Amino acid sequence: MSAASAAAVARAYGRIEHFLDERARGWEQSRALADAARRLSERYTEERAPVAGDDVAELAYLAYFGPRAVCATAAALDAAQLTARGVVVDAGCGSGAAALLLVEAGAARVIGVDRSERALAMARALVGDALRAVCAPVESAPACREATLVASSFAFGELAGSAELALAALERLGGEHSALAIVDAGDRAHARRLQQAREAVRLAPTDRRHLLAPCPHDDACPALARERDWCHARVAKALSPRLAAFARAVGRDEVHMASSYLVLAPPGATTREDGGGILVIGEAHKEKGRARLSVCGPGGLRFLQALKRERAAFDALLAVPRGARLAPSLATGATHGVAHVDASQVAALMAAE
Ligand SMILES: C[S@@+](CC[C@H](N)C(=O)[O-])C[C@H]1O[C@@H](n2cnc3c(N)ncnc32)[C@H](O)[C@@H]1O
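Model, not experiment: these values are computed from the prediction.

Conventions and cut-offs
Position numbers for residues start from 1 in each chain and track the written sequence from start to end. Whole-chain, interface and lining totals are the exception, using all residues; otherwise, since this is a predicted model, local features are given only for residues with pLDDT of at least 70 and side-chain atom pairs are given and counted only at 80 or more. Starting at the N terminus, helices and strands are each numbered in turn, a helix being any DSSP run of H or I of at least four residues and a strand any DSSP run of E of at least two. To get the radius of gyration, use the C-alpha atoms; to get the globule rule, take the number of residues to the power 0.38 and multiply by 2.2 Å. Put plainly, a residue is buried at 20 or more neighbouring C-beta atoms within 10 Å of its own, exposed at 12 or fewer, and partly exposed in between, counting only other residues' C-beta atoms, which are placed from the backbone. Throughout, a pair of residues is in contact if the C-beta atoms placed from their backbones lie within 7 Å. These domain limits were set by an automatic method or by a database of domain assignments. Three categories are distinguished: nonpolar for Ala, Val, Leu, Ile, Met, Phe, Trp, Tyr, Cys and Pro, charged for Asp, Glu, Lys and Arg, and polar for the others, with Gly belonging to the last. Near residues are defined by distance alone, with the backbone-placed C-beta atom required to lie within 6 Å of the molecule or strand. Only C-alpha atoms enter the line fits that serve as axes; for helices the fit covers just the stretch in contact. Angles between N-to-C directions range over 0 to 180 degrees. Throughout this description, any angle smaller than 35 degrees is read as roughly parallel, any larger than 145 degrees as roughly antiparallel, any in the 65 to 115 degree range as roughly perpendicular, and the remainder as oblique. Here is the rule for handedness: rotate from the far helix to the near one, and if that takes an anticlockwise turn smaller than a right angle the crossing is left-handed, while a clockwise turn gives right-handed. The arc refers to the directions leading from the helix axis to the C-beta atoms. By definition, a nonpolar core groups buried Ala, Val, Leu, Ile, Met, Phe, Trp, Tyr and Cys residues that connect through C-beta atoms lying within 7 Å of each other.

The next subject is the overall build of the chain. The secondary structure content of the chain amounts to 10 helices and 14 strands. For the chain, whose C-alpha radius of gyration is 20 Å, the value lies close to the compact-globule estimate of 20 Å for 353 residues. Seen through its principal axes, the chain has C-alpha atoms that stretch 60 × 50 × 35 Å. Taking all 353 residues of the chain together, 49% fall into the buried category. Long-range contacts, defined as pairs at least 24 residues apart, comprise 70% of the intrachain contacts of the chain with a sequence gap of at least 6.

Encoded structure:
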(Lines give C-alpha, C1' and ligand atoms only; values in the text may rest on other atoms or scores of the structure.)
Protein backbone atom coordinates (compact mmCIF):
# COMPACT_ATOMS: atom_id res chain seq x y z
CA MET A 1 0.00 0.00 0.00
CA SER A 2 1.29 3.50 -0.78
CA ALA A 3 2.57 5.61 2.11
CA ALA A 4 -0.29 8.11 1.60
CA SER A 5 -2.93 5.36 1.78
CA ALA A 6 -1.28 3.78 4.82
CA ALA A 7 -1.31 7.17 6.55
CA ALA A 8 -5.01 7.73 5.69
CA VAL A 9 -5.83 4.26 7.07
CA ALA A 10 -3.93 5.01 10.30
CA ARG A 11 -5.77 8.33 10.73
CA ALA A 12 -9.15 6.64 10.14
CA TYR A 13 -8.28 3.97 12.73
CA GLY A 14 -7.33 6.71 15.17
CA ARG A 15 -10.67 8.44 14.69
CA ILE A 16 -12.59 5.17 15.14
CA GLU A 17 -10.70 4.58 18.41
CA HIS A 18 -11.47 8.09 19.60
CA PHE A 19 -15.16 7.65 18.75
CA LEU A 20 -15.28 4.35 20.67
CA ASP A 21 -13.40 5.84 23.65
CA GLU A 22 -16.07 8.50 24.01
CA ARG A 23 -18.94 6.01 23.97
CA ALA A 24 -17.61 2.79 25.46
CA ARG A 25 -14.55 3.33 27.66
CA GLY A 26 -12.43 0.18 27.76
CA TRP A 27 -14.10 -1.11 24.58
CA GLU A 28 -11.05 -3.10 23.50
CA GLN A 29 -11.34 -5.26 26.63
CA SER A 30 -15.12 -5.47 26.74
CA ARG A 31 -16.34 -9.04 26.56
CA ALA A 32 -19.89 -7.86 25.79
CA LEU A 33 -18.68 -5.91 22.75
CA ALA A 34 -16.44 -8.75 21.55
CA ASP A 35 -19.29 -11.26 21.92
CA ALA A 36 -21.62 -8.94 20.01
CA ALA A 37 -19.05 -8.52 17.23
CA ARG A 38 -18.58 -12.31 17.02
CA ARG A 39 -22.35 -12.81 16.73
CA LEU A 40 -22.51 -10.21 13.96
CA SER A 41 -19.58 -11.81 12.18
CA GLU A 42 -21.17 -15.28 12.35
CA ARG A 43 -24.47 -13.91 11.19
CA TYR A 44 -22.85 -12.04 8.31
CA THR A 45 -20.43 -14.67 7.09
CA GLU A 46 -22.44 -17.83 7.78
CA GLU A 47 -26.02 -16.70 7.19
CA ARG A 48 -25.07 -13.69 5.05
CA ALA A 49 -27.79 -11.77 6.83
CA PRO A 50 -27.72 -7.96 6.92
CA VAL A 51 -26.29 -6.61 10.16
CA ALA A 52 -28.45 -4.34 12.30
CA GLY A 53 -29.14 -4.03 15.98
CA ASP A 54 -28.97 -2.11 19.23
CA ASP A 55 -26.32 0.32 20.50
CA VAL A 56 -23.97 -2.45 21.63
CA ALA A 57 -24.21 -4.13 18.24
CA GLU A 58 -23.57 -0.82 16.46
CA LEU A 59 -20.43 -0.11 18.50
CA ALA A 60 -19.28 -3.72 18.19
CA TYR A 61 -19.82 -3.45 14.44
CA LEU A 62 -17.71 -0.32 14.23
CA ALA A 63 -14.91 -1.73 16.39
CA TYR A 64 -14.56 -4.94 14.39
CA PHE A 65 -16.02 -4.33 10.92
CA GLY A 66 -15.14 -0.62 10.72
CA PRO A 67 -11.40 -1.27 10.28
CA ARG A 68 -12.21 -3.92 7.67
CA ALA A 69 -14.12 -1.35 5.61
CA VAL A 70 -11.27 1.14 6.03
CA CYS A 71 -8.39 -1.08 4.94
CA ALA A 72 -10.31 -2.94 2.20
CA THR A 73 -11.48 0.33 0.63
CA ALA A 74 -7.97 1.82 0.82
CA ALA A 75 -6.47 -1.34 -0.72
CA ALA A 76 -8.97 -1.32 -3.61
CA LEU A 77 -8.32 2.35 -4.41
CA ASP A 78 -4.59 1.75 -4.18
CA ALA A 79 -4.73 -1.25 -6.53
CA ALA A 80 -6.53 0.95 -9.06
CA GLN A 81 -4.15 3.89 -8.46
CA LEU A 82 -7.21 6.00 -7.68
CA THR A 83 -7.30 8.88 -5.20
CA ALA A 84 -10.41 10.08 -3.37
CA ARG A 85 -11.02 13.77 -4.16
CA GLY A 86 -13.87 16.24 -4.45
CA VAL A 87 -17.31 14.78 -3.83
CA VAL A 88 -17.58 11.03 -3.30
CA VAL A 89 -20.72 8.93 -2.83
CA ASP A 90 -20.58 6.08 -0.30
CA ALA A 91 -23.45 3.74 -1.20
CA GLY A 92 -24.66 1.67 1.77
CA CYS A 93 -22.37 3.69 4.03
CA GLY A 94 -23.75 2.20 7.27
CA SER A 95 -22.00 3.61 10.32
CA GLY A 96 -19.50 5.41 8.11
CA ALA A 97 -16.12 3.69 8.45
CA ALA A 98 -15.39 3.69 4.70
CA ALA A 99 -16.69 7.28 4.44
CA LEU A 100 -14.19 8.20 7.15
CA LEU A 101 -11.36 6.63 5.11
CA LEU A 102 -12.51 8.47 1.98
CA VAL A 103 -12.36 11.79 3.83
CA GLU A 104 -8.96 10.98 5.35
CA ALA A 105 -7.74 9.95 1.89
CA GLY A 106 -8.67 13.29 0.33
CA ALA A 107 -12.41 13.56 -0.39
CA ALA A 108 -13.78 17.03 0.42
CA ARG A 109 -17.28 15.70 1.00
CA VAL A 110 -18.90 12.28 1.17
CA ILE A 111 -22.57 11.73 0.35
CA GLY A 112 -23.43 8.74 2.54
CA VAL A 113 -26.48 6.86 1.24
CA ASP A 114 -28.10 4.22 3.43
CA ARG A 115 -31.63 3.04 4.14
CA SER A 116 -30.94 2.81 7.88
CA GLU A 117 -31.49 6.09 9.76
CA ARG A 118 -29.88 4.53 12.82
CA ALA A 119 -26.66 3.70 10.96
CA LEU A 120 -26.60 7.15 9.37
CA ALA A 121 -26.88 8.83 12.77
CA MET A 122 -23.70 7.04 13.78
CA ALA A 123 -22.00 7.90 10.48
CA ARG A 124 -22.77 11.60 11.03
CA ALA A 125 -21.26 11.45 14.51
CA LEU A 126 -18.21 9.53 13.29
CA VAL A 127 -17.37 11.47 10.13
CA GLY A 128 -18.62 14.95 11.10
CA ASP A 129 -19.34 17.85 8.76
CA ALA A 130 -17.70 16.24 5.73
CA LEU A 131 -20.57 13.74 5.54
CA ARG A 132 -23.94 14.51 4.02
CA ALA A 133 -26.28 11.68 4.98
CA VAL A 134 -29.07 10.61 2.64
CA CYS A 135 -31.55 8.14 4.07
CA ALA A 136 -32.87 6.27 1.04
CA PRO A 137 -32.49 2.98 -0.81
CA VAL A 138 -29.43 3.02 -3.07
CA GLU A 139 -31.72 2.00 -5.91
CA SER A 140 -33.78 5.21 -5.75
CA ALA A 141 -31.57 7.80 -3.97
CA PRO A 142 -30.91 10.99 -5.94
CA ALA A 143 -27.87 10.84 -8.19
CA CYS A 144 -24.86 13.08 -7.54
CA ARG A 145 -23.61 14.15 -10.97
CA GLU A 146 -20.52 15.93 -9.58
CA ALA A 147 -19.22 12.82 -7.79
CA THR A 148 -15.70 11.82 -8.82
CA LEU A 149 -16.25 8.38 -7.30
CA VAL A 150 -19.07 6.12 -6.15
CA ALA A 151 -17.68 3.84 -3.46
CA SER A 152 -19.49 1.00 -1.71
CA SER A 153 -18.12 -1.22 1.02
CA PHE A 154 -19.66 -4.48 2.20
CA ALA A 155 -23.08 -3.55 0.82
CA PHE A 156 -23.02 -4.88 -2.76
CA GLY A 157 -24.21 -8.32 -1.63
CA GLU A 158 -27.24 -6.68 0.02
CA LEU A 159 -28.39 -4.63 -2.98
CA ALA A 160 -31.53 -5.83 -4.72
CA GLY A 161 -31.50 -8.08 -7.77
CA SER A 162 -28.77 -9.57 -9.93
CA ALA A 163 -25.14 -8.42 -9.90
CA GLU A 164 -25.83 -6.49 -13.09
CA LEU A 165 -28.80 -4.66 -11.55
CA ALA A 166 -26.86 -3.87 -8.38
CA LEU A 167 -24.01 -2.50 -10.49
CA ALA A 168 -26.42 -0.37 -12.49
CA ALA A 169 -27.89 1.01 -9.24
CA LEU A 170 -24.41 2.12 -8.12
CA GLU A 171 -23.53 3.56 -11.53
CA ARG A 172 -26.76 5.56 -11.51
CA LEU A 173 -25.81 7.20 -8.19
CA GLY A 174 -22.91 9.04 -9.79
CA GLY A 175 -22.45 10.99 -12.99
CA GLU A 176 -20.82 10.18 -16.29
CA HIS A 177 -17.39 11.12 -14.88
CA SER A 178 -17.61 9.07 -11.68
CA ALA A 179 -15.33 6.10 -11.11
CA LEU A 180 -16.76 3.16 -9.19
CA ALA A 181 -15.07 1.25 -6.34
CA ILE A 182 -16.93 -1.69 -4.85
CA VAL A 183 -15.52 -3.70 -1.95
CA ASP A 184 -17.15 -6.73 -0.41
CA ALA A 185 -16.38 -9.85 1.61
CA GLY A 186 -13.95 -12.40 0.20
CA ASP A 187 -16.17 -15.48 0.47
CA ARG A 188 -17.40 -17.36 -2.58
CA ALA A 189 -20.89 -15.82 -2.79
CA HIS A 190 -19.81 -12.19 -2.39
CA ALA A 191 -16.74 -12.51 -4.61
CA ARG A 192 -18.60 -14.28 -7.42
CA ARG A 193 -21.28 -11.61 -7.39
CA LEU A 194 -18.57 -9.01 -8.03
CA GLN A 195 -17.04 -11.18 -10.73
CA GLN A 196 -20.48 -11.41 -12.35
CA ALA A 197 -20.70 -7.61 -12.22
CA ARG A 198 -17.32 -7.48 -13.95
CA GLU A 199 -18.66 -9.80 -16.63
CA ALA A 200 -21.59 -7.44 -17.20
CA VAL A 201 -19.13 -4.57 -17.71
CA ARG A 202 -16.97 -6.66 -20.00
CA LEU A 203 -19.84 -7.63 -22.25
CA ALA A 204 -21.37 -4.14 -22.31
CA PRO A 205 -20.87 -1.77 -25.26
CA THR A 206 -17.39 -0.28 -25.40
CA ASP A 207 -18.49 3.22 -24.36
CA ARG A 208 -19.28 1.89 -20.89
CA ARG A 209 -16.89 1.87 -17.93
CA HIS A 210 -13.65 -0.02 -18.10
CA LEU A 211 -11.90 -2.10 -15.55
CA LEU A 212 -9.14 -0.59 -13.38
CA ALA A 213 -8.68 -3.34 -10.79
CA PRO A 214 -8.18 -6.08 -9.80
CA CYS A 215 -7.93 -7.76 -13.21
CA PRO A 216 -5.09 -6.73 -15.54
CA HIS A 217 -7.07 -7.90 -18.59
CA ASP A 218 -10.48 -7.67 -20.23
CA ASP A 219 -10.93 -11.34 -21.01
CA ALA A 220 -13.52 -13.58 -19.36
CA CYS A 221 -12.94 -14.19 -15.65
CA PRO A 222 -11.55 -17.71 -15.21
CA ALA A 223 -13.09 -17.87 -11.72
CA LEU A 224 -16.57 -17.89 -13.26
CA ALA A 225 -15.93 -20.95 -15.42
CA ARG A 226 -16.65 -23.35 -12.55
CA GLU A 227 -19.31 -22.75 -9.91
CA ARG A 228 -16.94 -23.76 -7.10
CA ASP A 229 -14.27 -21.11 -7.85
CA TRP A 230 -13.94 -17.49 -6.84
CA CYS A 231 -11.22 -14.85 -6.80
CA HIS A 232 -10.42 -12.79 -3.73
CA ALA A 233 -7.68 -10.57 -2.35
CA ARG A 234 -5.77 -10.83 0.92
CA VAL A 235 -5.56 -7.44 2.58
CA ALA A 236 -3.14 -6.54 5.39
CA LYS A 237 -5.23 -4.82 8.06
CA ALA A 238 -2.31 -2.95 9.67
CA LEU A 239 -4.45 -2.49 12.80
CA SER A 240 -3.43 -0.28 15.68
CA PRO A 241 -2.57 -2.24 18.86
CA ARG A 242 -6.00 -1.56 20.43
CA LEU A 243 -8.02 -2.49 17.34
CA ALA A 244 -5.86 -5.61 16.99
CA ALA A 245 -6.58 -6.50 20.64
CA PHE A 246 -10.29 -6.22 19.92
CA ALA A 247 -10.05 -8.40 16.78
CA ARG A 248 -8.24 -11.01 18.91
CA ALA A 249 -10.97 -10.84 21.56
CA VAL A 250 -13.53 -11.44 18.79
CA GLY A 251 -11.48 -14.49 17.80
CA ARG A 252 -10.69 -13.28 14.29
CA ASP A 253 -7.49 -12.77 12.31
CA GLU A 254 -6.00 -9.47 13.40
CA VAL A 255 -3.42 -9.34 10.60
CA HIS A 256 -5.12 -10.15 7.31
CA MET A 257 -8.59 -10.29 5.82
CA ALA A 258 -10.09 -11.70 2.64
CA SER A 259 -11.96 -9.27 0.47
CA SER A 260 -13.19 -8.95 -3.10
CA TYR A 261 -13.31 -5.73 -5.04
CA LEU A 262 -14.00 -4.19 -8.40
CA VAL A 263 -12.84 -0.74 -9.48
CA LEU A 264 -14.10 0.81 -12.71
CA ALA A 265 -13.04 3.97 -14.50
CA PRO A 266 -15.61 6.28 -16.07
CA PRO A 267 -16.22 5.88 -19.80
CA GLY A 268 -13.43 7.44 -21.85
CA ALA A 269 -10.90 7.60 -18.99
CA THR A 270 -7.36 6.49 -19.69
CA THR A 271 -6.29 3.02 -18.64
CA ARG A 272 -3.48 2.26 -16.17
CA GLU A 273 -0.10 3.34 -17.48
CA ASP A 274 1.60 0.13 -16.37
CA GLY A 275 -1.06 -2.10 -17.96
CA GLY A 276 -1.50 -3.87 -14.63
CA GLY A 277 0.98 -6.70 -15.27
CA ILE A 278 -0.17 -10.19 -14.33
CA LEU A 279 -1.94 -10.59 -10.99
CA VAL A 280 -1.01 -13.25 -8.45
CA ILE A 281 -4.36 -14.76 -7.45
CA GLY A 282 -3.32 -17.43 -4.97
CA GLU A 283 -0.60 -18.45 -2.56
CA ALA A 284 2.33 -20.35 -4.06
CA HIS A 285 2.33 -24.01 -3.12
CA LYS A 286 4.88 -26.76 -3.19
CA GLU A 287 4.36 -29.90 -5.23
CA LYS A 288 6.73 -32.79 -5.75
CA GLY A 289 10.01 -31.24 -6.82
CA ARG A 290 8.49 -27.90 -7.83
CA ALA A 291 6.59 -24.78 -6.69
CA ARG A 292 3.55 -23.35 -8.48
CA LEU A 293 1.92 -19.95 -8.41
CA SER A 294 -1.40 -19.07 -10.07
CA VAL A 295 -1.50 -15.77 -11.95
CA CYS A 296 -4.19 -14.08 -14.02
CA GLY A 297 -3.59 -11.88 -17.05
CA PRO A 298 -4.51 -11.52 -20.71
CA GLY A 299 -5.81 -14.90 -21.82
CA GLY A 300 -6.86 -15.85 -18.28
CA LEU A 301 -5.35 -18.21 -15.73
CA ARG A 302 -1.70 -19.33 -15.93
CA PHE A 303 0.66 -21.12 -13.56
CA LEU A 304 4.24 -20.05 -12.97
CA GLN A 305 6.41 -22.98 -12.03
CA ALA A 306 9.93 -23.29 -10.63
CA LEU A 307 11.80 -26.53 -10.05
CA LYS A 308 13.18 -27.24 -6.60
CA ARG A 309 16.63 -27.90 -8.00
CA GLU A 310 16.66 -24.30 -9.29
CA ARG A 311 16.71 -23.12 -5.71
CA ALA A 312 16.79 -19.34 -6.20
CA ALA A 313 13.77 -19.36 -8.54
CA PHE A 314 11.95 -21.91 -6.33
CA ASP A 315 12.42 -19.81 -3.15
CA ALA A 316 11.56 -16.55 -4.91
CA LEU A 317 8.34 -18.02 -6.30
CA LEU A 318 7.26 -19.25 -2.86
CA ALA A 319 7.84 -15.78 -1.41
CA VAL A 320 5.54 -13.93 -3.87
CA PRO A 321 2.38 -12.79 -2.03
CA ARG A 322 -1.20 -13.05 -3.32
CA GLY A 323 -2.15 -9.75 -4.92
CA ALA A 324 1.33 -8.94 -6.26
CA ARG A 325 1.59 -7.78 -9.86
CA LEU A 326 4.35 -9.35 -11.92
CA ALA A 327 5.88 -8.64 -15.32
CA PRO A 328 3.69 -10.16 -18.09
CA SER A 329 6.86 -11.57 -19.69
CA LEU A 330 7.01 -14.17 -16.90
CA ALA A 331 3.91 -15.90 -18.29
CA THR A 332 4.79 -15.74 -21.98
CA GLY A 333 5.67 -19.04 -23.56
CA ALA A 334 3.38 -20.98 -21.23
CA THR A 335 2.71 -24.52 -22.41
CA HIS A 336 -0.68 -25.91 -21.40
CA GLY A 337 -1.04 -22.90 -19.11
CA VAL A 338 2.27 -23.49 -17.27
CA ALA A 339 5.27 -21.16 -17.66
CA HIS A 340 8.65 -22.22 -16.34
CA VAL A 341 10.53 -19.62 -14.27
CA ASP A 342 14.29 -19.97 -14.06
CA ALA A 343 17.20 -18.28 -12.33
CA SER A 344 17.37 -15.50 -14.92
CA GLN A 345 13.86 -14.35 -13.90
CA VAL A 346 14.34 -14.31 -10.13
CA ALA A 347 14.79 -10.53 -10.08
CA ALA A 348 11.35 -10.06 -11.66
CA LEU A 349 9.81 -12.19 -8.90
CA MET A 350 11.71 -10.48 -6.11
CA ALA A 351 10.44 -7.08 -7.29
CA ALA A 352 6.88 -8.13 -6.41
CA GLU A 353 5.20 -6.01 -3.71
C1 LIG B 1 -22.75 -4.62 5.99
S2 LIG B 1 -23.25 -2.95 6.12
C3 LIG B 1 -21.81 -2.09 5.53
C4 LIG B 1 -21.75 -0.70 6.06
C5 LIG B 1 -20.49 0.09 5.69
N6 LIG B 1 -20.41 0.36 4.27
C7 LIG B 1 -19.25 -0.61 6.18
O8 LIG B 1 -18.52 -1.18 5.36
O9 LIG B 1 -19.01 -0.61 7.36
C10 LIG B 1 -24.36 -2.78 4.76
C11 LIG B 1 -25.09 -1.47 4.77
O12 LIG B 1 -25.77 -1.34 3.54
C13 LIG B 1 -27.06 -0.81 3.78
N14 LIG B 1 -27.91 -1.25 2.67
C15 LIG B 1 -28.10 -2.51 2.20
N16 LIG B 1 -28.91 -2.49 1.14
C17 LIG B 1 -29.23 -1.22 0.91
C18 LIG B 1 -30.03 -0.57 -0.06
N19 LIG B 1 -30.64 -1.25 -1.00
N20 LIG B 1 -30.15 0.77 -0.01
C21 LIG B 1 -29.51 1.49 0.98
N22 LIG B 1 -28.75 0.93 1.92
C23 LIG B 1 -28.60 -0.41 1.89
C24 LIG B 1 -27.47 -1.39 5.12
O25 LIG B 1 -28.46 -0.59 5.74
C26 LIG B 1 -26.15 -1.38 5.87
O27 LIG B 1 -25.97 -0.17 6.58
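With that out of the way, let us pick up the environment of Leu279. In this structure, Leu279 sits in strand 9 (residues 278-280). The exposure class assigned to Leu279 is buried, which follows from the 22 C-beta atoms found within 10 Å. For the pair Leu279 and Asp21, spaced 258 residues apart in the sequence, the C-alpha separation amounts to 40 Å. Each residue touching Leu279, except ones within four places of it in the same chain, is listed here: Pro214, Cys215, Pro216, Val295, Cys296, Gly297 and Arg325.

Another point: the domain arrangement of the chain. Here the domain parsing of the chain yields domain 1 (3-265) and domain 2 (278-350). Between the C-alpha centres of domain 1 and domain 2 the distance comes to 31 Å. Tallied by class, residues from the side of domain 1 that touches domain 2 come to 7 nonpolar, 1 polar and 2 charged.

This part covers unusual backbone geometry. Note on backbone geometry: most residues besides glycine have negative phi, and most peptide bonds are trans. With an omega of 5 degrees, the peptide bond running from Ala213 to Pro214 counts as cis. Tracing the sequence through the fold places Pro214 in the loop between strand 6 (210-213) and strand 7 (233-236). For Gln81, which is not glycine, the phi dihedral falls at a positive 55 degrees. Although it is not a glycine, Phe154 sits at a positive phi angle of roughly 55 degrees. Assignment of secondary structure puts Phe154 in the loop between strand 4 (149-153) and helix 6 (163-173).

For the rest of this paragraph, the subject is the site of the ligand. By nearness alone, 22 residues border the ligand, and Ala69, Gly92, Gly94, Ala155 and Glu158 come closest of all. Here the shell around the ligand is composed, by residue class, of 14 nonpolar, 4 polar and 4 charged.

Mapped onto the elements of the fold, Ala204 is located in the loop between helix 7 (188-203) and strand 6. Counting along the chain gives 95 residues from Ala204 to Arg109, while the straight-line C-alpha distance between them is 31 Å.

Two numbers describe how helix 1 (residues 3-23) lies on helix 4 (residues 97-104): the axes approach to 9 Å, and their chain directions differ by 130 degrees. As judged from the angle between their axes, helix 1 and helix 4 are oblique. Between helix 1 and helix 4 lies a crossing whose hand is right-handed. Side by side, helix 1 and helix 4 meet where Ala8, Val9, Arg11, Ala12, Arg15 and Ile16 of the first sit next to Ala97, Leu100, Leu101 and Glu104 of the second. Partitioned by chemical class, the residues of the contact of helix 1 with helix 4 number 7 nonpolar, no polar and 3 charged.

An α-helical turn contains 3.6 residues, so a residue and the one three or four places further along point in the same direction. Within the span of helix 8 (residues 241-250), buried status applies to Leu243, Phe246, Ala247, Ala249 and Val250. Taken end-on, helix 8 shows its buried residues confined to a sector of 160 degrees, consistent with a single buried face. Two residues or fewer after helix 8 comes Gly251, characterised by a positive phi angle close to 90 degrees.

With that settled, the discussion passes to the nonpolar core. In globular proteins that are soluble, nonpolar side chains generally tend to be buried together. Ranked by size, the top nonpolar core spans 126 residues in total, and within it Val70, Ala76, Leu101, Leu102, Ala181, Val263 and Leu317 carry the most contacts. With 16 residues, helix 3 (residues 55-79) is the single largest residue contributor to this core. Both domain 1 (3-265) and domain 2 (278-350) contribute no fewer than three residues apiece to this core. Filtering out sequence-adjacent residues up to four positions away, Leu102 remains in contact with Ala84, Val88, Asp90, Ala107, Val110 and Ala151.

Next up on the list: the packing of helix 4 against helix 5 (residues 117-127). One way to put it is that helix 4 packs onto helix 5 with a least axis distance of 9 Å and a crossing angle of 30 degrees. With respect to helix 5, the axis of helix 4 lies roughly parallel. Classified by chirality, the crossing of helix 5 by helix 4 is right-handed. Taking contact as the criterion, the partners of Ala99, Leu100 and Val103 in helix 4 are, on helix 5, Ala123, Leu126 and Val127. Looking at side-chain class alone, the contact of helix 4 with helix 5 contains 6 nonpolar, no polar and no charged residues.

Among the secondary structure elements, Ala133 is positioned in strand 3 (residues 131-135). Under the C-beta neighbour-count criterion, Ala133 is labelled buried, with 22 such atoms within 10 Å. Separated by 116 residues in sequence, Ala133 and Glu17 have C-alpha atoms that sit 22 Å apart. Discounting residues that sit within four places of it in the chain, Ala133 has contacts with Gly112, Leu120, Ala123 and Arg124.

Turning to helix 5, a few remarks are in order. Within helix 5 the residues assigned to the buried category are Ala119, Leu120, Met122, Ala123, Leu126 and Val127. All buried residues of helix 5 fall inside an arc of 160 degrees around its axis, so they share one side. The secondary structure elements touched by the buried residues of helix 5 are helix 1, helix 3, helix 4, strand 2 (107-114) and strand 3. The first or second residue beyond helix 5 is Gly128, which carries a positive phi of 85 degrees.

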